[in-house]
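The lines below spell out each chain.
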Amino acid sequence: MNRPVYLDNNATTPIDPRVLEAMMQYFTEHFGNAASKTHVYGQRARAAVETARESLAAALGAVAKEIVFTSGATESNNIAIKGVAAAHRQRGNHLITQATEHKAVLDPCAWLEKHGHRVTVLGTDASGQVRLDELAEAITPETVLVSIMAANNEIGTLQHLAEIGALCRERGVLFHTDAAQAFGKIHLDVKAMNIDLLSASGHKVYGPKGIGLLYVRRRDPYVRCETIIHGGGHELGLRSGTLNVPGIVGFARAAELCLDAMDTEMPRIAELRDRLQRGLFDHIDELKLNGHPTERLANNLNVSFAYIEGESLMLNLENDIAVSSGSACTSELLKPSHVLAALGVGEDLAQSSLRFSLSRFTTAEEIDYAVDRVRTVVAKLREMSPLYEMAQQGIDLSKVEWNDPGHPH
Ligand SMILES: *Cc1c(COP(=O)(O)O)cnc(C)c1O
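These figures come from a predicted structure and were not determined experimentally. (Residues numbered from 1 in each chain as written. Predicted model: local features only at pLDDT ≥ 70, side-chain atom pairs only at ≥ 80, totals over all residues. Heavy atoms only, no water.)

## Description of the sheet that holds strand E10 (residues 300-305)
Step number 1: What the four strands build is an open sheet, ordered E9-E10-E15-E12; its pairing is antiparallel. A strand with exactly one partner marks an edge of an open sheet, and here the two such strands are strand E9 (287-289) and strand E12 (324-325).
Step number 2: Two elements, E10 and strand E15 (residues 353-357), share five bridges in a ladder whose sense is antiparallel. From the neighbouring strand, Asn-302 faces E15, where its bridge partner is Arg-355.
Step number 3: Here helix H7 (residues 245-281) sits on the sheet and contacts E9, E10 and E15; the angle it forms with E10, its principal contact strand, is near 15°. (Pairing = 2+ DSSP bridges. Helix = DSSP H or I, 4+ residues; strand = E, 2+ residues; numbered from the N terminus. Contact = heavy atoms within 4.5 Å. Axes fitted to C-alpha atoms, helices over the stretch in contact; angles between N-to-C directions.)

Structure follows, in structure tokens:
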């Protein structure tokens with residue numbers, strides 16, 4: 001067993017050895033530039049790219065010419081949001097998204113807002129799902145795009161894509177979804193779900209880093225999207241730049257492996273996740289599950305540990321398990337996660353949260369080890385926590401008057 005045990009697969013996954021094997025020859029023997037039409041080096045690279053494109057399109061229920069290769073989901077989100085906004089500027093200047101999106105959606109929206117667009121950022125219910133009636137109400141004749149992620153990277157909550165897609169279609173608004181976490185883990189069908197644009201990333205599905213895709217619908221309706229990366233006119237002019245041929249080949253192979261095994265692999269991973277969840281909830285009190293209890297990615301568990309400082313928790317666990325915490329270190333401040341804040345999770349509980357995310361390589365032995373370590377550390381920290389002791393004695397901490405106005409943090 002490797003230590004620390006890697007349980008941070010929503011941040012990135014290791015490359016599957018079968019993916020690496022498929023990629024290798026495109027670094028060496030078949031190194032050609034896919035845009036070189038005049039010789040066999042380029043033609044071979046081109047052929048590999050087009051095979052990969054067809055395979056990835058099929059994985060989404062799309063056709064090959066609707067797939068644009070990018071450097072990852074961040075770039076795909078930027079092209080989708082800024083590109084659609086620019087192309088539809090004459091028709092309207094309003095976009096809708098939600099507070100629990102990845103920064104790669106929120107920040108392009110904020111940038112557009114700074115440059116004259118109007119953006120509505122919807123809240124969510126306590127599980128992290130957008131309320132359909134609020135979405136319906138937010139759509140105006142000026143609205144050109146709704147961007148709602150398929151699955152959340154922190155809490156794993158799945159959105160009702162088909163319902164959102166149907167609503168957008170009915171109201172004549174384009175629907176983009178950041179599917180960086182959902183792709184390869186749940187079945188996605190851009191036709192059935194009325195998705196007009198979709199972002200996905202290689203390194204979240206056991207593929208390489210630095211490769212991603214943007215699906216752009218080209219029929220019923222043809223989606224107009226301007227480029228934000230100008231140059232040689234690659235990828236139908238939507239994303240110029242020499243294609244990352246080994247990355248593209250690896251991404252397609254990775255997606256094939258996910259799709260082929262999805263129906264057996266995801267229930268198996270869910271079982272391990274449930275084992276982790278039971279192992280914690282059956283033996284530690286004052287825990288809070290963040291996100292939707294059932295409509296959630298199979299590999300995800302996000303838990304808050306009351307009466308514990310998030311920083312001490314991480315410090316005590318970092319040699320044993322690799323996980324993410326509910327606070328992001330921005331400058332000197334420990335800022336609680338914007339996702340948990342949007343769910344209404346208080347600052348203390350957000351600071352003390354951990355995100356566990358499993359992979360196809362996670363074993364039962366690793367889960368049992370993680371459970372054991374977390375239980376031990378939480379018990380130790382709570383033993384030292386006056387807050388926990390007071391709570392155990394039935395003291396209502398919200399009514400306590402603290403000498404130090406900074407408390408309790
Ligand atoms: C990882 C992730 C991204 C960023 O993807 P990159 O390919 O690393 O740019 C965007 N959105 C979500 C939901 C993610 O999980």
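## Points about the pattern of salt bridges
Step number 1: Evaluation of the coordinates by the stated rule reveals 16 salt bridges.
Step number 2: Here Arg-239 makes a salt bridge to Glu-75, at a shortest N to O gap of 2.6 Å. Within this pair, whereas Arg-239 is found in the loop between strand E8 (212-216) and H7, its partner Glu-75 is found in helix H3 (residues 73-87), the two being separated by 164 residues in sequence. With respect to burial, Arg-239 and Glu-75 carry one shared label: buried.
Step number 3: Of the charged contacts, one joins Asp-285 and Arg-382 as a salt bridge, the two residues approaching to 2.8 Å between their closest N and O atoms. (Salt bridge = Lys/Arg side-chain N within 4 Å of Asp/Glu carboxyl O. Buried < 20%, exposed > 50% of the residue type's maximum accessible area, 1.4 Å probe, protein only.)

## Regarding the site of the ligand
Step number 1: Around the ligand, the surrounding shell consists of Gly-72, Ala-73, Thr-74, His-102, Met-149, Asn-153, Asp-178, Ala-180, Gln-181, Ser-201, His-203 and Lys-204.
Step number 2: One of the side-chain N or O atoms of Lys-204 is found 2.7 Å from an oxygen atom in the ligand.
Step number 3: Out of a free accessible area of 380 Å², the ligand has 88% covered by protein chains.
Step number 4: By residue class, the composition of the shell around the ligand is three nonpolar, seven polar and two charged. (Near = heavy atom within 4 Å. Polar contact = N/O pair within 3.5 Å; in protein donor to acceptor, adjacent residues only side chain to side chain. Areas by Shrake-Rupley, 256 points an atom, 1.4 Å probe, with all protein chains shown as cover. Nonpolar A, V, L, I, M, F, W, Y, C, P; charged D, E, K, R; others polar.)

## Regarding the sheet that holds E8
In a beta sheet, neighbouring strands are held together by backbone hydrogen bonds and run either parallel or antiparallel to one another.
Step number 1: Strand order in this open sheet of seven strands is E2-E8-E7-E6-E5-E3-E4, and the pairing throughout is mixed. Each edge of the open sheet is held by one strand with a lone partner, namely strand E2 (67-70) and strand E4 (118-122). Going across the sheet, the axis of each strand differs from the next one's by a mean of 20°, ignoring polarity.
Step number 2: Where E2 meets E8, four bridges bridge the pair, whose relative direction is antiparallel. In the strand pairing of E8, Phe-69 is matched with Leu-213.
Step number 3: Across the sheet, helix H4 (residues 103-114) touches strand E3 (94-98), E4, strand E5 (143-147) and strand E6 (174-178), and the angle it forms with E3 is around 150°.

Purely geometric stuff here, so don't read any function into it on its own.
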